Every structure is written in C-alpha cells, then in structure tokens.
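Residues per chain are reported as follows:
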Amino acid sequence: MATSAVSHADQIPSVYAEKRGIWSWITTVDHKRIGILYGATAFTFFLMGGIEALLIRWQLARPDNTFVTPEFYNELFTMHGTTMIFLAVMPLSATFFNYFIPLQLGARDVAFPRLNAFSYWVFLLGGLWLNSSFLFHAAPNAGWFGYANLTSTQYSPGLNIDFWMIGLQILGVSSLAAAVNFFTTVVNLRAKGMKLMRMPMFTWMSFITQVLLLLAFPVITVALILLMFDRFFGTHFYIPAAGGDPILWQHLFWIFGHPEVYILILPAFGIVSEVLPVFSRKPLFGYAAMVFSGIFIAFLGFGVWAHHMFATGMGPIADTMFSMTTMLIAIPTGVKIFNWLGTAAGGSLQMKTPMYFSLAFIAMFIIGGLSGVMHASPPADLQQTDSYFIVAHIHYVLFGGSIFALTSGAYYWWPKMFGRMLNETIGKVHFWLMFIAFNLTFFPMHFVGLHGMPRRVYTYPAGLGFETMNMLETAGAFLLALSQAVFIYNIIKAWRGPRNAPADPWNGATLEWATTSPPQEFNFAVEPEVHSRDPLWERKRQEGRLPEPQRVSGQGIHMPRPSFWPLLTATGVAGIFISMMMIPYLGWWFVVAMVLWFLFSVFNWVFEPV
Amino acid sequence: MSDHSHTLEAHTATGFDSRKVAIWTFIGSECMFFAALIGTYLVYHGKSLSGPTAGETLEIPLVTIGTAVLLASSFFVVLALNGAQRGDRRALVTWLSATVFCGLGFVGMQIYEFSHFVHEGLTIKTNMFGATFYTLTGFHGTHVSIGVLWLATLLILAIRGKITPDKALNLEIAALYWHFVDVVWVVIFPVVYLMKDWKP
Amino acid sequence: MDAHVIEAEGHSHPGPAVYVKIAFVLFLVTALEVAAYELSHRGGTSEAVIGPILIPVLLVLSAIKFALVAMYYMHLKQDHKLFTGLFVFPLIIAGVIAIALMTLISYHLHYNLGQV
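Residues numbered from 1 in each chain as written. Chains lettered and ligands numbered in written order. Predicted model: local features only at pLDDT ≥ 70, side-chain atom pairs only at ≥ 80, totals over all residues. Heavy atoms only, no water.

Student: Describe the overall build of chain C, listing the residues and the values that go with them.
Tutor: Helix and strand counts for chain C come out as three helices and zero strands. Helices and strands in chain C line up, N terminus first, as α-α-α. The burial tally for chain C puts 37% of its 116 residues in the buried class. A separation threshold of at least 6 residues defines the contact pool for chain C, and within that pool the share at least 24 residues apart is 57%. Of the accessible surface of chain C, which amounts to about 6,300 Å², a share of 73% is contributed by carbon and sulfur atoms. (Helix = DSSP H or I, 4+ residues; strand = E, 2+ residues; numbered from the N terminus. Buried < 20%, exposed > 50% of the residue type's maximum accessible area, 1.4 Å probe, protein only. Contact = heavy atoms within 4.5 Å. Areas by Shrake-Rupley, 256 points an atom, 1.4 Å probe, with all protein chains shown as cover.)

Listed below in structure tokens is the structure:
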C-alpha cells in the first residue's frame, strides 16, 4: 500500500518525492505520470512529424526540385500524416485525458490504473516500431490512408506497408484499451453529486471521444486484418484480378477515418470550452447545447464517411445522401462556434496566452470549416479532391484547430502539471509567431489547390503559377518550426525556475484547481462533493477566496501499487504483431513464442496482489 | 483473479462494479468488429471467380451439432454462475466443467471442419469464399478459444475453492464474454451456413 | 461452505427453471432454422414456398435467439438499462453501417465493375 510522505510545514516536498528514478516511471500506474509520459512522447513524435513536413516543404519550395527522391518523398508525406494523427495529436489529447479526467471528476485515478499504463507502453512500442522502418529504408509510403491495391504485395513488394499495418494494429490496441478505461472512468468514478450534466466540458467531449474510439477502431482493425491476410497469407480481399475490390478498403478505412477526425477535434473543442469561460470570467454559454451538439456531431460522424469517396463513382443517390449528412454536421459545429462567441461576449477578457490560442482556434477552425463545407458538395469536390485545397482544409482544422487548442491547454494546465507557470511574454511571442507562420504556410494552399496543384506530388513544373505560393508556404513552415523552438525555450526556462505555481493561478472553475500544483498522488485529501457545474466557482461564491491547499500525509488513502506487468504485457502485444511480420524469416514459432509470452504476462498481471 | 473489491472506490457513481461496465463496453466495441467481418463476408458472397463455393462446400449437420453445443455451453455457464452466487461449489465446478468441455468441443469441431475443407481443396487463398469464410469463422473461433482459456482458468480457481460468492463477479464477467461469443455464432450460423446457397 | 449469499447486483435472479426453458426454446428455434433450410432445398412445394422467404425467416429466428441469450443469459432484462444501452447502441450503429456498406459495394460491383 502506498502512502505519501508526511509533510512538514516548512518543507514543500516534491510530489513525487516518495517515488524517484526510472523504475518508478516504468512501473507507474498513476494517471498523472502516465499523462506526462504520453505528453513527452507525443511531443517528440510531433517534432519528428514536423521535420518530415520541413523536408516536404524544402522539396516543394522550388519547381523541379531534386532535394529528395520521389520514393523518399512518398515516405515523407505518409509518415508525416501517420505520425501527426496517430503519434502526435491523439496522444497529446491522451495526455490531457490522463491527467485531467480523474481530477475533473473528483476521482483518485482512472478505473483501471494498470490498464492505463499498458495503453501508454503499447503506444510507445507501436510508435517506435513504425518509425524504426526508417532504419530499414522502408518507411511506409502509400499515404496515411493506404489505399488498396497500391498496398498489395504486387505494387508494394517491400516492408514499407508491413511496418505501417503492424504499427497501426499495435496502436489500435492502445487506443481501444484506453477507451474502455476512460469510458468506464467517466461512467463510474464521478464524485458525489457530479451528475453527467454537471461534468466539465473537457471531460464531456473526451467521454464522447472514447465512444467514437470504441466504435471506429474495430473497423480499421478489420480493414488492416484483411490487408494483412492479402499481404501475408495470399488472400485477395482487395485484389481485383481475383474478384476482390479495392473500394472495400476505402469504405472500411473511411468508416473509421471520419470518426477519427472527430476523435482528433472533440478533445480540442473540450479544451477551448474550458479556457474560454475561465479567461472570460463567465460560465460557458449554453452548456446543454454544447453537450448535445457534441453528441450529435459524434453520432452523425458515422454517417458521412463516403464524402472522402465522391470521386469513386458511387452514383447520384449515395453522393447526395453523404453530401446532405456532411452539410448537416456543420450545424452542431456552428452551434458550438456561436456558444463560444457567446461565452466571450460581455465577459471580462483576460488576455493571457491560453486565451490567445483558444480565440485563434475559433477563427482558424471556422476557416477550416468553411473549406470543409465546400468539399461537401460532390461536384465542387471533384475539383478540390486530391488538390492542395484539401491540404489547406486539413491543416486549418487539425493544426489551426487541434494543435492550437492543445497548445492552449498546455499553457492553461502547465502550472497544475508541473508546478511552474510558463512565461507570459515568451508565450505571446510563441503565439504570434505560430499564428502568423501557420497562416503563411497554409492559407496560400487554398489558392494553389484551386489553381490545380495536386496533393502528394514530389514536384511540379515551372510556369504553372505555383512557384510563389509554394515559396511562401515553405517560408511559413520554417517560421512555424521557429515558433516551436520558442515554445521549447519557454518550457526549459520554466523547468529551470522554481516550482512555485499556485494551486489556482487562473481562477479556475473546475475541480483540478482545488488540488496542489502538482497534485499529490491521491489527488484530493478528501473526495469532493459537488452541487453544480463549475464547482470551484460555486465554492468561491460561498466561501470567498479559497486558501492554498496544503500537502497532507495521505495516510489511510489506499492507492494502487506500481507494477511492471503492464509494460511486459505491452511487449507481448507488440511482439505478437511484429512476429507476424517475421514469419518469412522466423517462421510461426516466433508467433507462438510471443503468444505464450503475452499469456505469461497477462496471468501475472491478473494474479498480482493489488 | 485478484480482488478489486476494495481498491480505489468503495462505491461507484452508478453503483455497478467498474469491471462489469468495462466488459459490456468492450462487448459493444466487438459488435463493430464482427459487423465489419460479417459485412465483408456478405459483400463477397457468391463472388468467387473459381474454386469451391459456399453452397458446394459447407455441410450443415456437423455445424448444427456445433451450434447446439455452443448454445448448451451458454446454458451451462449460467448454471455455473448461479452455483457460484449461491456458494454451491459442487454445482459451480460441475457446470463450469461442462461449459469448458462444450467450448473445447466447438473448437474441435471447427478444427475438424477446417482440415476437412483444406483436404477438399479449399484454403484461405483459393478464392473469395475461402478468404472470407476462414477469416470470419477463424476470428470467431479465436474468440471462442480465448473464452475457453479464460473459463478454464476460472475452473481451476473454482476447484481450489477460490470462487466464493463475493468473487462471483469474476465468473459473471467471463460468462458475459462467453455469451457474446455465442451470440455472434447465432448470427454466423444462418448467415454463413444456412444461407450458403443464396444467389445475391 | 459459507452459505451467505451475496446478490451481485442487488436484484432477484430467476431460478434455474427459467434458464432450462430458455435452453429448450433455443434448441427448438435452431431446429426450426435447420428445418427451414432443409425445406427450402427439398424441391416441390416446400421449396417453392419456403425458398423465397428463407432469408427473412432465418434472420427473424436468429434474432429471436440473439434476444433470448442477451435478455436472459446475459441478464439484460433484470439488469439496469445502462447495460442494455451499452449493448444495443453499438449494435444499431453496427447494423446500419453493415447494411450501408453492403448496399454501396454491391452497387459499385454491379454498376461500375459490371459484375452480376
């Protein structure tokens, strides 16, 4: 049983004082530590994806460039997309799910702490495996969406697609396990009095995201299984010559893929819905409408997938239906935009860095949404699809949307996670550089796309009018990289400074601000009870300014024991999938061995005393 | 199974054990998994360009017995759970053994069926029917095998007297998984076997 | 042996008798499914009558079995509606998507690829 060290009034011990060293991180089952692990790993992958982007932009800066080979270019844009979606944005969201869902619910941890650790280790192993493909000069190269039958052994004979398939399957296990965990946590571990309609909006949107994960990931699992069987066992699911249909891949992929983009944006919506009220000193406008619009977006998100396939000849009825559902989904999104504006309007705006990023999010996401609704028209999309117009849309919603919101969340929650404030001035420099650079990079893509520049091409000829825009976009990309350097500088500067952030630097409304900064392992000395939304604002209305929470000994609070079985089981899961890639070299014995290793780890996990 | 009954929360917001919520959540997710596999099977039904078709290959009698065995196993595990909840160890062990036995029987039937078909010239590579049939029923069979392993582990614990009424939830969770696997077969049996001659 | 009974979820369980009855019904319905199949292949009047409706009949019968196992063996009837929701919602999404997938692809195979 773990108990916190007894604190003395004259010492403020590091919250992790009782647990130090690598072993404590390897065996941690604490949601806060796991959140930090996710964050550090995800940010590293984000930078790697960024470098891939810079290489792409350098290649495209001039026409007929030969900076990279066409083959390597294919690897670059494939890995850029795959990395940013699966290894950056999703786990960055997971950072905040992990750290803040239990805190916002008033809980001590998630429902299944060891499963939580397992999810992280599987993610890490999957991401490492995917990127190790570069070492074999066989990085995935058929796009992040891997259309069949380019991905067949006939047209992709190397290991590239194998790395991609196996990597994504491993990552899928991580996401599914985490989704079961967080779903159960929200259903079951809410504090006394916290009805669903009193939950903070970040937790609500994250909750809906878990439902999307649970229902969408199995479909891509099947799509990848069929691809794996085609590549490894000689089936013909996607091979036209034998009766298979590459369109099946597209359907299965996008049945996953469209909910996936809502998985990428809903947590961001949640973060903005936290930041705007706090920095407007006003409750969120239209809480219920925000909840129901989120639910409606998720539900409808399962009905729009074939808008990615308007150019495949589905026929007028299918085109019309998916066009209508896609336009329909703009409505609940619009509701959210108006409610955010309604939150800020008439508020006492605190123009701090988190607020800058959240306000910019609204503007950038609107732009992304406008181009999105343009793609919803099949005839218009026939021109736009596979052009840079789509690339513009994607980046306005995923970077201008998700990344801006995640950055807002980072600045907002940094003091809580690390006990240190990020510097305001440097934060504003970061913001303006990022905002200007982002628009410089991606706004011209709207024009160059409509002028006919296709996606996923490693170069373009001179004289088509693409040169200036591409040069601007490349300049913007490098400025974006500079903005990240400013961010990293801010982080390092804060790390070197004292750990003196207050519990509640922003006058927050939700329960996480009632803990110390950072919280002690058990989060709350006494499990909270809530009576309304914005529980902390309610307490402040009743009690006035709240005193700084004190560290306590935590005696009598039973926390789960650390364990290394989640890590070992994760190696088993990754091992099973990787061993399938090795069948031509190591035979089926290695698969059997990995299955046995996995079972051994699971049994130890299950029978371990807690 | 390790005892979670007094870990973090003595109570939960719903009043239900988190593991029960979790298994149902997982089962919901698995519905999508099997829907995609069954959808793929149906999309390609009758589309093989050559080789044995479903109509020619599949045989109803053996599989009907397998269906009955799997349904019986669901019945037996319900009785086993009932025994566990009442503290009746003899009933628990008897009925849980019957469940595991039936599960093994079903897997055995499938292995026999698969090897029979391979012998007759239908492999996973042969044609679209081979690919979709082996993939769908193979993944179902894998789920059954995992269930058998899970229940067998609980059986060993039950024999050792470790499944007392307060631990019955562990069996309930495994039983829910087992019933789900049975219910997927309830769909596969008519869709794959009884509709084998359907010309789309 | 400790005779103290702990109700897992605080509600009454039907006795074994109900489960036996359900088992019988499940076997009966399975027999009906196989009978429908056999009759649709026997030629003559039975094939003419059952043949065209075989698929709906099978779907209805299997749905009955599905519902019985879910409601009674998986205990959904006695349990809190939350669990029914956790099961039924994904089932509906899964069903709708499977049907949409089959419709779209069979249209594609027929009109675009010229397959029958």
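Student: Can you break down the pattern of salt bridges residue by residue, with the values?
Tutor: Evaluation of the coordinates by the stated rule reveals 17 salt bridges over all chains. Across the pair Arg539 of chain A and Glu543 of chain A runs a salt bridge whose closest N-O atoms are separated by 3.6 Å. Of this pair, Arg539 of chain A and Glu543 of chain A both sit in helix 16 (residues 535-543), four residues apart, which is roughly one turn of the helix. Look at Arg539 of chain A and you get partly exposed, because its relative accessible area is 34%. Between Asp17 of chain B and Arg19 of chain B there is a salt bridge; the shortest N-O distance is 3.2 Å. Its relative accessible area of 17% is what places Arg19 of chain B among the buried residues. Because the salt bridges share partners, they merge into one network encompassing Lys20 and Glu172 of chain B together with Asp79 of chain C. (Salt bridge = Lys/Arg side-chain N within 4 Å of Asp/Glu carboxyl O.)

Student: I'd love a proper account of the domain arrangement of chain C, names of residues and values included.
Tutor: By a widespread convention, an interface's size corresponds to the accessible area lost as its parts come together. All names here are of chain C. The domain architecture assigned to chain C consists of domain 1 (1-79) and domain 2 (80-116). With five residues of domain 1 in contact, the opposing surface of domain 2 contributes six residues. The three residues of domain 1 that bury the most area against domain 2 are Phe66, Leu76 and Asp79, which together make up 86% of that side's buried surface. The tally of links from domain 1 across to domain 2 stands at zero salt bridges. Taken together, the links from domain 1 to domain 2 amount to zero residue pairs in polar contact (both at pLDDT 80 or more). (Domains from an automatic or database assignment. Buried area = accessible area lost by both parts, 1.4 Å probe. Polar contact = N/O pair within 3.5 Å; in protein donor to acceptor, adjacent residues only side chain to side chain.)

Student: Residues and numbers for the environment of Ala142 of chain A, please.
Tutor: Residue and element names in this part refer to chain A. Topologically, Ala142 is positioned in the loop between helix 4 (113-132) and helix 5 (160-188). Classification of Ala142 by relative accessible area gives buried; the value is 6%. Taking the C-alpha atoms as reference points, Ala142 and Phe77, 65 residues apart in sequence, are found 8.9 Å from one another.

Student: Help me get a handle on the interface of chain A and chain C, residues and values and all.
Tutor: With 20 residues of chain A at the interface, the matching set in chain C holds 15 residues. With both sides pooled, the region where chain A packs onto chain C buries about 1,300 Å², and carbon together with sulfur makes up 81% of that total. It is Leu215, Asp245 and His251 of chain A in chain A that bury the most area against chain C; as a group they hold 27% of the surface buried on that side. Seen at the junction of chain A and chain C, the total is zero salt bridges. For the interface between chain A and chain C, the tally reads two residue pairs in polar contact (both at pLDDT 80 or more). Residue assignment for the side of chain A that touches chain C shows that the elements contributing at least two residues are helix 5, helix 6 (201-233), helix 7 (246-280) and helix 9 (316-328) of chain A. Split by residue class, the side of chain A that touches chain C holds 15 nonpolar, four polar and one charged. (Nonpolar A, V, L, I, M, F, W, Y, C, P; charged D, E, K, R; others polar.)

Student: Give a description of the packing of aromatic side chains that names residues and reports values.
Tutor: The final tally for this structure, using the stated rule, is 94 aromatic pairs over all chains. Relative to Trp185 of chain B, the ring of Phe106 of chain B has its centre 4.9 Å away and its plane inclined at 80°; by these criteria the two rings are edge-to-face. Of this pair, Phe106 of chain B sits in helix 4 (residues 89-119) while Trp185 of chain B sits in helix 6 (residues 168-194), and the two are 79 residues apart along the sequence. Comparing Phe106 of chain B with Trp185 of chain B shows no difference in burial state: the two are buried. Both rings, one in Phe189 of chain B and one in Tyr193 of chain B, keep their centres 6.4 Å apart while their planes meet at 35°; by these two values the pair is tilted. Taken as a pair, Phe189 of chain B and Tyr193 of chain B lie in helix 6 at a separation of four residues, close to a single helical turn. We classify Tyr193 of chain B as buried; its relative accessible area is 0%. In this structure, Arg33 of chain A packs its charged tip against the face of Trp25 of chain A, placed 4.2 Å from the ring centre. One cation-aromatic arrangement involves Lys20 of chain B over Phe83 of chain C; the distance from NZ or CZ to the ring centre is 5.1 Å. (Phe/Tyr/Trp six-rings, centres within 6.5 Å; stacked < 30°, edge-to-face > 60°. Lys NZ or Arg CZ within 6 Å of the ring centre and 35° of its normal.)

Student: Tell me what's going on with the nonpolar core, and back it up with residues and numbers.
Tutor: Looking at soluble globular proteins, one finds that nonpolar side chains tend to be buried together. Phe86, Tyr238, Trp340 and Phe361 of chain A together with Trp24 and Leu96 of chain B are the most contacted members of the largest nonpolar core, which totals 301 residues. At 22 residues, helix 6 of chain A tops the list of elements feeding residues into this core. (Core = buried A, V, L, I, M, F, W, Y, C linked by side-chain atoms within 4.5 Å.)

Student: Before we move on, could you go through unusual backbone geometry and cite the residues and values that matter?
Tutor: Residues and elements named next belong to chain A. Residue Asn149 is bonded to the preceding Ala148 through a cis peptide linkage, with omega at -5°. Topologically, Asn149 is positioned in the loop between helix 4 and helix 5. Backbone torsion omega between Ser517 and Pro518 reads -10°, so that peptide bond is classified as cis. One non-glycine residue with positive phi stands out, namely Asp534, at about 50°. Mapped onto the fold, Asp534 is located in the loop between helix 15 (467-496) and helix 16.

Student: Which residues make up the environment of Gln85 of chain B, and what values do they have?
Tutor: Counting through the fold element by element, Gln85 of chain B comes out in helix 3 (residues 60-86). Measuring from C-alpha to C-alpha, the distance between Gln85 of chain B and Lys162 of chain B comes to 13 Å, with 77 residues separating the pair along the chain.

Student: Talk me through the packing of helix 11 (residues 353-375) of chain A against helix 13 (residues 388-418) of chain A; I want residue IDs and the actual numbers.
Tutor: Residues and elements named next belong to chain A. Running from N to C, helix 11 and helix 13 point in directions that differ by 160°, and their axes come no closer than 8 Å. Comparing the axis directions of helix 11 and helix 13 gives the class roughly antiparallel. The crossing of helix 11 and helix 13 is left-handed. Of the residues in the contact of helix 11 with helix 13, the class split is 16 nonpolar, 13 polar and no charged. (Axes fitted to C-alpha atoms, helices over the stretch in contact; angles between N-to-C directions. Parallel < 35°, antiparallel > 145°, perpendicular 65-115°, else oblique. Left-handed = near helix turned anticlockwise from the far one by under 90°.)

Student: I'd love a proper account of the packing of helix 7 of chain A against helix 13 of chain A, names of residues and values included.
Tutor: Residues and elements named next belong to chain A. Close contact between helix 7 and helix 13 brings their axes to 9 Å; oriented N to C, the two are set at 45°. Taken together, helix 7 and helix 13 sit at an angle that is classed as oblique. Read as a crossing pair, helix 7 and helix 13 show a hand that is left-handed. Mapping the contact onto sequence places Leu264, Ile265, Ala268, Ile271, Val272, Glu274, Val275, Val278 and Phe279 in helix 7 and Val397, Leu398, Gly401, Ser402, Ala405, Leu406, Ser408, Gly409, Tyr412 and Trp413 in helix 13. Broken down by class, the residue content of the contact of helix 7 with helix 13 amounts to 14 nonpolar, four polar and one charged.

Student: Describe the interface of chain C and chain B, listing the residues and the values that go with them.
Tutor: On the chain B side, the residues contacting the 48 residues of chain C number 48 residues. Here chain C packs against chain B, burying approximately 4,300 Å² in sum over the two surfaces, 79% of which is carbon and sulfur. Of the charged contacts, one joins Asp79 of chain C and Lys20 of chain B as a salt bridge, the two residues approaching to 2.9 Å between their closest N and O atoms. Along the contact surface separating chain C from chain B lie four residue pairs in polar contact (both at pLDDT 80 or more). Secondary structure elements with two or more residues in the side of chain C that touches chain B: helix 1 (16-39), helix 2 (44-73) and helix 3 (81-112) of chain C. Among the elements that line the side of chain C that touches chain B, the one with the most residues is helix 3 of chain C, at 14 residues. Partitioned by chemical class, the residues of the side of chain C that touches chain B number 36 nonpolar, seven polar and five charged.

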